[in-house]
Amino acid sequence: MAEAHQAVAFQFTITPEGIDLQLSHQALRQVYLSGLRSWKKRVTRLKNNVITGVYPASPSSWLFVVIAILATMYTRSDPSMGLIAKIQEHLPVGDSLSIQCRTVVSAVLFSTLLWFSLIFTMRLCLKQLLSYHGWMFEQHGKVSNTTKIWAAMVRIFSGRQPLLYSYQGSLPNLPVPAVKDTVKRYLESARPLMSDSEYERMTTLAKEFESSLGNRLQWYLKLKAMWASNYVSDWWEEYVYLRGRGPIMVNSNYYGMDFLYVTPTPIQAARAGNTLHACLLYRRKLNREEIKPVILNVPLCAAQCERIFNTTRIPGEETDSLIHWQDSEYVAVFHRGRYFRLWLYHAGRMLSPREIEQQIQRIMDNPSPPVPGEAKLGALTAGDRIPWAQARKEFFSSGVNKRSLDCIEKAAFFVTLDDDEQGMRGDDPAGNLDRYAKSLLHGKCYDRWFDKSFTVVVYKNGKNGLSAEHSWADAPIMAHVWEYVMTTDSFQLGYTEEGHCKGDVASSLPPPTRLTWDIPAECQERIERSLAVAQALADDVDFHVLPIQEFGKGAIKKCKISPDAFIQIALQLAYYRNRGTFSLTYEASMTRLFREGRTETVRSCTSESCAFIRALEGGESKEACRHLFRTAAEKHQHLYRMAMTGGGIDRHLFCLYIVSKYLGEESPFLNKVADDGYGVSYIIIGENMINLHISCKHSCPQTDSHKFGADIKKALEDLLELMSPEKPDPSKAELNHSKKSKKDL
């Protein structure tokens, strides 16, 4: 109670003598400093909005234009060709200003209009320049004159020192492909997976769609593309993610791991201190737009960065919604079945890593038990969405439960202090690595808040990781955050020799606040039902993490093959050896070259890749297999580039399907993802390591993540052996040298 009283700025008591008002100067000071920090953020946001709004020009360029116009007028020239005089005639100032003052005001107004016109022209030119993607299809090392001129023009029309969102207004809109082009690419992708009769039937259906319903649906898409920033992204977010009524745990969320082979500190509270502080540092850079935009010859859209922090998915009976708050000064923490509010700012400043460590330790030392229903409350976010929406409306819409739920949902992000130890350790490092991945993916099904934009997980032995909700952004966004957090934690903040965070601790820090709940028995039953659904889903996940250290990107590049194409063809080969057939394969490509772009699908099972695999498995010559492999790799790269530049298949078909449903029409082009296949995620680390994350379901008797992992590794090794430059045989070289010597003699 003492801490609660300290947190209140004033107290009053009604007595017979009147009202006794007592002010807490310390609490009022905290309110003042918190408000001051909030106003500083608003001023920074306003300044950045101005800088971004006039990009690629700069605010100071306005003064340059004004001075130039006034200087020209001083020489008795009229650069406005009479417009300044027209403006002067219509100034609503009457005779209150002298003629000279009215002339200056008119010149400033003309200069401002000219400045805005120049900004609009520069932005329009830059937008047109960024719509050119020919550079992406040119051979490596062979740059055309067109691309060279284009690159020079981009540099001319791009401003200096761009902020994170500076390019947003100049990015082109995602183009709507022609129906005939999408149908042609669809048939091409389907050919290697169909028999002749199946393909003939599909061709007939496709041609009918192209000549009739497709054109009608396309008209609506073009209309939407003219009106919206991106004709795909809002529907993709809504229909693929937010309208899904099944669990988002496993089906939608993803995770990020700690360093595999090192742990900076074994102290859980200390690791949490540095990790949370690094997250705050990233958020501060994000709010100030100090993070540089990602440039891949052209800038990538940064719109997804806006909802990294202070974002929550709210369940609904028909569809969920995403809520984002401008700021949050605390995180919600889960530890041993209890929820806490941990303030990350004090006296208007960010807590140091050492102070956060102390606060985390206070939570861990808190002996209070969870109240009935609290320990497994998070299972509601892991189960089906409709029961969670109904329970939220019935049990969490008022009173203490609403206040505590609001605290979680409005937090900057969620933190779990896990009592388990994880990582590559012990006598079974491979098995422990698999368990580590599964823990990050779903935990115990109740110790994560799956609705939050992301959850930071810190384990008992100092390992950490994250679990992220998928609807608000795609994995590369959180990968950038996590990379910053990991490097800042280990290489910038660091630890003392004892493993604690560095820095001092303010003695006036109030302890974290325990959230309170009043969960009735009926709600507890619903929690248990959601937990049962989530646990069955988690138990069905067959997961295997396979680090390959024998070779990596460096060895693949020596073969003069794209590493991505190399791995994708290896996946095709592994699956063919595993199942004896080919399968429709999806690889995600990004469309962030366009405004508000997210992803597109690359259909990596092609006629070219199938031809190569049949030749390799059929025992054809090495030279023939090499030729077919290079053809397949080039085809894959072409498809990937087409997807990146708006020429994909699936997002266009998806939007056509959505329009058809709005119009009540049936479309034959709905593709359903099979539930009996594999999910493979891979990350190429440096030059000599590839990490594979393989998932499938125990309930499918045809799949086995460990078996498929071994098949992938064997396929990679076989392809590397096939494509590696042949080394000269020393014995043959010596023999040739001996023959040459005899000949010379």
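Residues numbered from 1 in each chain as written. Predicted model: local features only at pLDDT ≥ 70, side-chain atom pairs only at ≥ 80, totals over all residues. Heavy atoms only, no water.

## Quick look at the overall build of the protein
And step 1. The helix and strand tally for the protein stands at 25 helices and 20 strands.
And step 2. Within the protein, the proportion of its 745 residues that are buried is 48%.
And step 3. Sequence separation of 24 or more characterises 77% of the internal contacts of the protein that already satisfy a separation of 6 or more.
And step 4. Carbon and sulfur atoms make up 57% of the accessible area of the protein, which totals about 36800 Å².
And step 5. Measuring between centres, the 89 positive side-chain charges of the protein sit 6 Å from its 82 negative side-chain charges. (Helix = DSSP H or I, 4+ residues; strand = E, 2+ residues; numbered from the N terminus. Buried < 20%, exposed > 50% of the residue type's maximum accessible area, 1.4 Å probe, protein only. Contact = heavy atoms within 4.5 Å. Areas by Shrake-Rupley, 256 points an atom, 1.4 Å probe, with all protein chains shown as cover. Lys, Arg positive; Asp, Glu negative; His and termini not counted. Charge placed at Lys NZ, Arg CZ, Asp CG, Glu CD.)

## Description of the pattern of salt bridges
And step 1. On inspection of all chains with the given rule, the structure shows 40 salt bridges.
And step 2. In this structure, Asp196 and Arg191 form a salt bridge, with 2.5 Å as the shortest nitrogen-oxygen distance.
And step 3. Since its relative accessible area comes to 27%, Arg191 is described here as partly exposed.
And step 4. Two residues, Arg385 and Asp451, come together in a salt bridge whose shortest N-O distance is 3.0 Å. One end of the pair, Arg385, is in helix H14 (residues 385-395); the other, Asp451, is in the loop between helix H16 (429-442) and strand E13 (454-458), with 66 residues separating them in the sequence. Grouping residues by exposure puts Arg385 and Asp451 together as buried.
And step 5. One salt-bridge network, in which partners are shared between bridges, spans Arg245, Arg313, Asp320, Arg385, Asp451 and Glu469. (Salt bridge = Lys/Arg side-chain N within 4 Å of Asp/Glu carboxyl O.)

## As for the UniProt feature "active site" (unreviewed entry) in the protein
And step 1. Mapped onto the present numbering, the UniProt feature "active site" (unreviewed entry) falls on His470.
And step 2. Mapped onto the fold, His470 is located in the loop between strand E14 (464-468) and helix H17 (475-493).
And step 3. A relative accessible area of 18% means that His470 is categorised as buried.
And step 4. When sequence neighbours within four positions are dropped, the list of residues in contact with His470 reads Tyr241, Ser252, Tyr254, Ala475 and Arg598. (UniProt positions renumbered as here; feature names shortened; annotations may be inferred.)

## Digging into the environment of Gln568
And step 1. Within the secondary structure, Gln568 sits in helix H20 (residues 563-579).
And step 2. With relative accessibility at 4%, the residue Gln568 sits in the buried group.
And step 3. Spatially, the C-alpha atom of Gln568 lies 8.3 Å from that of Glu587, the residues being 19 residues apart in sequence.
And step 4. Look past the residues within four positions of Gln568 in its chain and what remains in contact with it is Thr585, Glu587, Ser604, His636 and Tyr682.

## Observations regarding the environment of Leu129
And step 1. Following the sequence through the fold, Leu129 ends up in helix H5 (residues 99-130).
And step 2. In this structure the C-alpha to C-alpha distance between Leu129 and Ile69, which are 60 residues apart in sequence, comes to 29 Å.
And step 3. Setting aside residues up to four positions removed in sequence, Leu129 forms contacts with Trp150, Met153, Val154 and Phe157.

## Focus: helix H9 (residues 213-227)
And step 1. Between its first and last C-alpha, H9 extends 22 Å over 15 residues, near the 21 Å set by a 1.5 Å rise per residue.
And step 2. The set of residues buried in H9 consists of Leu213, Gly214, Leu217, Gln218, Leu221, Lys224 and Ala225. Seen along its axis, H9 keeps its buried residues to an arc of 120°; they face one direction. Facing away from the buried surface of H9 by more than 90 degrees, the exposed residues are Trp219, Met226 and Trp227. (Expected span 1.5 Å × (residues − 1). Arc of directions from axis to C-beta.)

## Some remarks on the state of the cysteines
And step 1. Across all of its chains, the model carries zero disulfides by this definition.
And step 2. Left without a disulfide partner, Cys605 is nearest to the cysteine sulfur of Cys610, which lies 3.7 Å away.
And step 3. On the basis of relative accessibility, which here comes to 2%, the residue Cys605 falls in the buried class. (Disulfide = S-S within 2.5 Å.)

## Looking at a nonpolar patch on the surface
And step 1. Taken together, the side chains of Trp219, Tyr220, Leu223 and Met226 make up a nonpolar region of the molecular surface, amounting to roughly 490 Å² of accessible area.
And step 2. With respect to the secondary-structure elements, Leu223 resides in helix H9.
And step 3. Using a relative accessible area of 43% as the deciding quantity, one classes Leu223 as partly exposed. (Patch = residues over 30% accessible without salt bridge, like charges linked within 9 Å, V, L, I, M, F, W, Y side chains within 5 Å.)

## A closer look at the side chain of Glu409
And step 1. Within the secondary structure, Glu409 is located in helix H15 (residues 399-409).
And step 2. Not counting residues within four places of it along the chain, the set of residues in contact with Glu409 comprises Thr312, Ile314, Trp325, Arg392 and Lys452.

## Structural notes on the sheet that holds strand E20 (residues 689-697)
And step 1. With antiparallel pairing, the three strands of this open sheet are ordered in space as E16-E20-E19. Bordering the open sheet on either side are strand E16 (541-548) and strand E19 (679-685), each of which pairs with just one other strand. The average angle at which neighbouring strand axes cross in this sheet is 10°, direction not considered.
And step 2. With seven bridges connecting them, E19 and E20 associate as antiparallel partners. Bridging from a neighbouring strand, Ile684 pairs with Ile690 of E20. (Pairing = 2+ DSSP bridges. Axes fitted to C-alpha atoms, helices over the stretch in contact; angles between N-to-C directions.)

## Topic: the UniProt feature "transmembrane region" (unreviewed entry) in the protein
And step 1. The UniProt entry lists residues 50-74 under the feature "transmembrane region" (unreviewed entry), expressed in the numbering used here.
And step 2. Counted over residues 50-74, helix gives 80% and strand 0%. Its end C-alpha atoms are 30 Å apart.

## Considering the environment of Leu242
And step 1. Assignment of secondary structure puts Leu242 in helix H10 (residues 233-242).
And step 2. Once residues lying within four places of it in the same chain are set aside, the contact partners of Leu242 are Glu237, Arg313, Thr319, Asp320, Ser321, Leu322 and Ser471.

## Points about unusual backbone geometry
And step 1. At the junction of Tyr55 and Pro56, the peptide bond is cis and its omega measures out at 15° in the coordinates.
And step 2. On the secondary structure map, Pro56 appears in the loop between helix H2 (25-53) and helix H3 (59-74).
And step 3. One non-glycine residue with positive phi stands out, namely Met81, at about 55°.
And step 4. Its place among the elements puts Met81 in the loop between H3 and helix H4 (83-89).
And step 5. A positive phi angle, close to 70°, is found at Asn297, a residue other than glycine.
And step 6. Take Asn297: it is sitting in the loop between strand E4 (295-296) and strand E5 (298-299).
And step 7. Under the relative-accessibility criterion, Asn297 is labelled exposed at 53%.

## Let's talk about the packing of H3 against H5
How two helices pack is summed up by the angle between their axes together with the distance between the axes.
And step 1. Contact pair H3 / H5: the axes reach a minimum separation of 9 Å and the direction vectors enclose 130°. As far as their axial angle goes, H5 and H3 are oblique. Seen along the crossing, H3 lies across H5 with a hand that is right-handed. Contacts between H3 and H5 involve Pro59, Ser61, Trp62, Val65, Val66, Ile69, Leu70 and Met73 on the former and, on the latter, Thr103, Ala107, Val108, Phe110, Ser111, Thr112, Leu114 and Trp115.
And step 2. Looking at the contact of H3 with H5 residue by residue, the classes come out as 12 nonpolar, four polar and no charged. (Parallel < 35°, antiparallel > 145°, perpendicular 65-115°, else oblique. Left-handed = near helix turned anticlockwise from the far one by under 90°. Nonpolar A, V, L, I, M, F, W, Y, C, P; charged D, E, K, R; others polar.)

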